[in-house]
Each structure stands twice: as C-alpha cells, then as structure tokens.
Amino acid sequence: MAAVDIAVPGGNRALTPISPPKRRLSWQTWGVIMLAPYVLVFLVFVLYPVSYGLWLARHPASYQTLFDDPVFFRTVVNTIVFLLVAVNVKFMLALFLSGFFVHERAWIRWLSVIFIIPWAVPAIPTIFSIRFMLNPEWGLINSVIFRLTAQDGPNWLNNPSLALTMAMVVHIWKALPFWTLILMAGRLAIPRELYEASSVDGASAWQKFKFVTWPSIRTLYLTSTLLSMIWTLGDFNSVYLLTGGGPADLTHVLATLGIRYIRLDQVDQAMATIVVALPFVLPLVYFMMKRLSANE
Amino acid sequence: MNRYWREARLWLVAIPVLLWTLLPIYHIFLFSISTKDSAFSGALWPDHPTLRNFGTVFRQEHFYLHHFWEQIWNSLWIACAVGVLTLFIATCAAFAISRIKVRGGRTVMNAALFTYFIPAAFLAVPMYKAMGTYGLLNSRWSLVLAMVTLASPYAIWVLKQASDKLPWELDEAARIDGATPLQLFRLVYLPLMTPSLVAIGTYALLLAWNEYLYAFLLLSHENTIPLAVGLGHFLASDDSPWELLMATALIYAAPPAAIYYAFRRYMVGGLTAGAVKS
C-alpha cells in the first residue's frame, strides 16, 4: 500500500513534537496572522483612502462648482450613453459569438485562440494603434475610404459623437473576448441531451435558442451585464487614450473627468465627481456581492 | 448542399471576426516595420520593410526613448514585485479563510469583494491622495502597493474557491497527526494549489505590467516611470515619431501576450471559473 508508506514517515515525525503543545500557537492565532497582511493592505490602501476621500468631498460648494461646470452635464450624458450602448452591444455580440465558438471544429478552436488577443495584450499599444488608424489625413481607414470612393473620410476624433462612438468601439474590441469566453462556458455547461431531445421534436435553431439556451444562461447573462456595467463605468483607457476627453472636453466620461480634476489639482472636485456616481454604483456592487455570497 | 451552406455560414462569421481582431494588431506591426515616410502614406504594406525602428529603440536614439531600458526595467521590477506580493498575501488569506476558517474571515472576504467591484478608476482618486499623504508618490513602491491592492481581492476570491474544493479529510488527518498550521500550509496546501497559484501569479504580474492609469497618476519622475507611461509621453506633441512609438509598443505588448499564451491552460480554467458564477 503505497499511500500508507508515504503517510507513516510524515506521521511519525509529527507525532514527536519538538516543543511542548502548550507553547504552540493555536490554529485560530495562525489564522489571524495569515489574514493580517491582507487586512493591513485593505485598511491602509482602501479604507483609509476612501474615508479620507469622502471627507474631502463633504463641502456642498464642490458639488455646486461641479454642477456649474458645463463639462459635467455632458459627461453624465456621455457616461449613460456609454454604459447603455457599449455594454449592451458588447453583450449581444458576445452572446452571438459564444454560439459561434461552441461549434466543434479544429479551425474554430484556433480562431478562438486568436480572438483572445485583444484581451491578452495591454491597452496602450492597441488603443494608440486605433487612434492612428483614425487619423483623418494619413490614417489607414481614411486612406482606404479615399481609395475606394475617391472621397475624404470623416474627421473621426474631431467630431464629439463620432469620437465617443469610436471610444465605445475600442471598449468593445478590448472587452468582447472575455465576455464571449464567459458566455461560452455558460453554453458548454448546458446538457447536450436537451438539444438532442429538441432536435428529435423537430425544433428550429431559433426555438432551440429560445427554449433551451436562453433559459439556461439568462442568469449568467444578466449578472455578467451588471458586472460589466460597473467595470465599464471605470473604463478610463478607452476614452482617455483615444480622445483624451476631447475635442473641447466633449467626450469625457465620469472616470476620465475625475482624473482630469486631479490633473488640474482639484482633488475635492475629483472626489465629488465620484461621490455623484456612488448612488448608482453601490446598489450594483451590493447586488453583485449578494450574488457571489449566495453561491457559497 | 445543406451541409455546405452551414459551413459557409460559419466562415461568414469567422472572416469578419478575424479582421476585427487582427486589424489593430496588424497596424502596430505595419507601423513598426515602416520608415517614417511610408508609415504616413496609408499603405497596407510598406514598400521597403525595415527593422531599423527596433534598432533605434534599443539604442535609445530618440528624445522620447532616452530612458527606454530604464523604463522596461521599471515595468519588469514592478510587475514581479506585484506578482510575488499578491501571491503571498492572497495565498495566506485564502488559507486562513478557507482551511483554518478563522473568525472574521467572511467579513474580510466581503471587504475584498467590495474592493474588487469598485471601478478601479474611481479608487484611483482617493488612492492618489493617500499615497501623497504617505509620502510614496514617485516611488515605485506606490504603484506596487496600489496594484497589490487591486489584484489581491480577485486573487483571494479565486484561491478561496479553489481551496474550498480540496478534501477536508487532508486537514483532519494532518491535525490528528499533530501538524502545525504552517506544516499543513507548506506540505499539503501549497503543492495541491500549484495550478491556481500559477494562474494567480500570472494574473497579478500581467495586471501590473499592463496598468496605465495608476502608473501615470502615481509616478511622474523620468527614472521611476514604467514603459506604459513612457509610451504615453509620445502623445505630448503632434509630430511624434509614430513608427518608433509603434515599435516600442510592440516590444511592450509582446511579453504579456507570450506569458498569457504560455499559461493559457491555467488561466482560462482558473480565472474564468471564478470570475462570474451563474
């Protein structure tokens, strides 16, 4: 019995304690010691900064200035548009593509490996690359448009609505692979028998989706959408690295506006910007935490 | 006929997906092997592909590149420090919560999850202010500690999920044999958790290497900034050498992509499983 052979030497060694049992630290004490590093990190780099930040944001005057800033209203509208449009388009695409990637073909497996690249590489190189592609004079996109139609393409990043749309495209390009993977995992967990049974009953592809796939992954889809909304709210890169908030500060979202105030050395203002978003963020965070705890 | 149509439909999806995914990547590559003139001509392939841009970058022969090697070293140093620290903190915490079942573990787990769900860009503002108070601004440690703060909640969550699945009999056997918690941790727990540990270490390392926002907020000194911030400096003027920027960007993006693909086996299973549970 190999298992016993291995177990005995270890057991013997452990049976001869070096120090008397009384002097040993209890299991609970060790638990506290091992938990301490993270608790320390949390207190020093989350709890204290957040409390301090909220304390800085206590002046009503900060909010007055914030609401009077013409950029702020535009930013709120941009943020809402960004959240509703980008997240939903991203998830519809992810839902569709997850259905594509579950097909069992060798070449589709290879394609899925390539498809992950946007998520695996850092944000800066790719966003800069897209930024140059969109350059109105020498960018790749407008060169192709000129070659095909003999007309000048649009000035992508100088038009606020176009620029915000492009920021959403960048966001979707970057985040789509991750959510496609998640939904794919959801689809793969559905028992095959359900599809076989519905085939026997003569169900169409749409009926299979409606009565088998969707009921099985609906919860996952909705949870993921909410989680993605929270994270998209904090997507600084897609906007800042593409448009820098321009032209004329018309494409800011809350995440970039907060950082803009920091760069202008108005930290109270920056905190106020974030506090304004909290009534929206905290319920979502609370909901997500309940969901994860419910799974234990 | 029907079968051909079904295959054709798959290809009809595959080709746009491939173009969509690879176009920005190809564009980086295209710029990095183009001379300045051909980069700005909008050509799909340069007339005279060249590797000279990479030579210029490696020899630091441009104003924006004077600190290239120093910045890449900073990136590497920060990423490794974050990987090691996160791994240490998260493994200990997950062991204490999941195996020792320490009192208050649940509260700590909730606090960690709360941090995980708060958008990183929102936490950046108070974090910046606090780092100023601690006198850490412009020290590489500020970025390391900030990234450890961001990476550990998810790390603890994933490791706790993984360690909850280990058979409880192991702990009981060890306790009966009189093992100390440290012996259980070192001899039983760590070897069994190795795949998850690899995934989490890689996750933290990549997160830190790729980070831009925190890096550019917390570090501004020429000698402390990582390559990500150095790349951002190229945007300071309109006539920047984009072909050099793209060559540098390719060098910057290659290591994380390579590491990701090398550890993909661990990453996909280990990370997406814990990310969202239905």
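Everything quoted here is computed from the prediction, not taken from an experiment.

Draft legend 1. Structural view of the overall build of chain A. On a plain count of helices and strands, chain A comes out with 14 helices and zero strands. Going from N to C terminus, chain A has its helices and strands arranged as α-α-α-α-α-α-α-α-α-α-α-α-α-α. Relative to the globule expectation of 19 Å for 296 residues, the C-alpha radius of gyration of chain A, 26 Å, shows a markedly less compact shape. Dimensions of chain A, computed from the C-alpha atoms along their principal axes, are close to 85 × 65 × 35 Å. For chain A, buried positions account for 39% of its 296 residues. The contacts in chain A between residues at least 6 apart in sequence include a share of 69% that link residues at least 24 apart.

Draft legend 2. Seen up close, the overall build of chain B. On a plain count of helices and strands, chain B comes out with 13 helices and zero strands. Listing each helix as α and each strand as β along chain B from the N terminus yields α-α-α-α-α-α-α-α-α-α-α-α-α. Dimensions of chain B, computed from the C-alpha atoms along their principal axes, are close to 75 × 70 × 30 Å. By sequence separation, contacts in chain B at least 24 residues apart represent 79% of the contacts at least 6 residues apart.

Draft legend 3. A look at the domain arrangement of chain B. All names here are of chain B. For chain B, the domain assignment lists domain 1 (2-58) and domain 2 (67-275). Computed over C-alpha atoms only, the centres of domain 1 and domain 2 are separated by 32 Å. When residues of the side of domain 1 that touches domain 2 are traced back to their parent elements, those giving at least two are helix H1 (2-32), helix H2 (36-39) and helix H3 (52-58). Residues belonging to the side of domain 1 that touches domain 2 are distributed by class as follows: six nonpolar, four polar and one charged.

Draft legend 4. Looking closely at the environment of Ala146 of chain B. Among the secondary structure elements, Ala146 of chain B is positioned in helix H7 (residues 140-164). Classification of Ala146 of chain B as buried rests on a count of 28 C-beta atoms within 10 Å. Considering only alpha carbons, one finds Ala146 of chain B and Val84 of chain B, 62 residues apart in sequence, at a separation of 14 Å. In this structure Ala146 of chain B touches Phe45 of chain A together with Met127, Tyr214 and Leu218 of chain B, once residues within four positions along its chain are discounted.

Draft legend 5. Main features of unusual backbone geometry. Positive phi is not limited to glycine here, since Ala248 of chain A has a value of about 55°. Following the sequence through the fold, Ala248 of chain A ends up in the loop between helix H12 (237-243) and helix H13 (254-263). A positive phi angle, close to 75°, is found at Asn138 of chain B, a residue other than glycine.

Draft legend 6. Summary view of the nonpolar core. Counting residues in hydrophobic clusters, the biggest one holds 169 residues, and the most contacted among them are Val82, Ala93, Ala124 and Met147 of chain B. Looking at which element gives the most residues to this core, the answer is helix H9 (residues 160-188) of chain A, with 17 residues. Three or more residues apiece are contributed to this core by two domains, here domain 1 (2-58) and domain 2 (67-275) of chain B. Once you skip the residues sitting within four places of it in the chain, Ala124 of chain B turns out to touch Ile259 of chain A together with Leu213, Tyr214 and Leu217 of chain B.

Draft legend 7. Layout of the interface of chain A and chain B. Contacts between chain A and chain B engage 77 residues on the former and 76 residues on the latter. Looking at which element gives the most residues to the side of chain A that touches chain B, the answer is helix H2 (residues 27-56) of chain A, with 19 residues. Residue composition of the side of chain A that touches chain B, by class: 59 nonpolar, 17 polar and one charged.

Draft legend 8. Structural view of the confidence of the model for chain B. Residues and elements named next belong to chain B. Confidence in the prediction of chain B, expressed as mean pLDDT, is 87, and 95% of residues score 70 or more. No element of chain B has a lower mean pLDDT than helix H13 (residues 264-275), which averages 61, and none a higher one than helix H4 (residues 68-100), which averages 94. Considering only residues more than four positions removed or in separate chains, one finds that residues 274-278, a stretch of pLDDT under 50, has 15 contacts. Under the prediction, the complex receives an ipTM of 0.88, its pTM being 0.88.

Draft legend 9. Quick peek at the packing of H1 of chain B against helix H12 (residues 242-262) of chain B. All names here are of chain B. One can describe the packing of H1 onto H12 by two numbers: an axis separation of 7 Å at closest approach and a directional angle of 120°. Regarding the angle of H1 to H12, the classification is oblique. In the packing of H1 onto H12, the handedness of the crossing is left-handed. Residue-level contacts link Ile28, Phe29, Phe31 and Ser32 of H1 to Trp242, Glu243, Met246, Ala247, Ala249 and Leu250 of H12. Of the residues contributing to the contact of H1 with H12, the split by class is eight nonpolar, one polar and one charged.

Draft legend 10. Main features of the environment of Lys36 of chain B. Residue and element names in this part refer to chain B. Counting through the fold element by element, Lys36 comes out in helix H2. When the C-alpha atoms of Lys36 and His48 are compared, they prove to be 11 Å apart, with twelve residues separating the residues in sequence. If we skip the residues at most four places from it in the chain, Lys36 touches Pro241 and Glu243.

Conventions and cut-offs
- Residues numbered from 1 in each chain as written.
- Chains lettered and ligands numbered in written order.
- Predicted model: local features only at pLDDT ≥ 70, side-chain atom pairs only at ≥ 80, totals over all residues.
- Helix = DSSP H or I, 4+ residues; strand = E, 2+ residues; numbered from the N terminus.
- Rg over C-alpha atoms; globule rule 2.2 N^0.38 Å.
- Buried ≥ 20, exposed ≤ 12 C-beta atoms within 10 Å, placed from the backbone.
- Contact = placed C-beta atoms within 7 Å.
- Domains from an automatic or database assignment.
- Nonpolar A, V, L, I, M, F, W, Y, C, P; charged D, E, K, R; others polar.
- Core = buried A, V, L, I, M, F, W, Y, C linked by C-beta atoms within 7 Å.
- pLDDT = per-residue confidence, 0-100.
- Axes fitted to C-alpha atoms, helices over the stretch in contact; angles between N-to-C directions.
- Parallel < 35°, antiparallel > 145°, perpendicular 65-115°, else oblique.
- Left-handed = near helix turned anticlockwise from the far one by under 90°.

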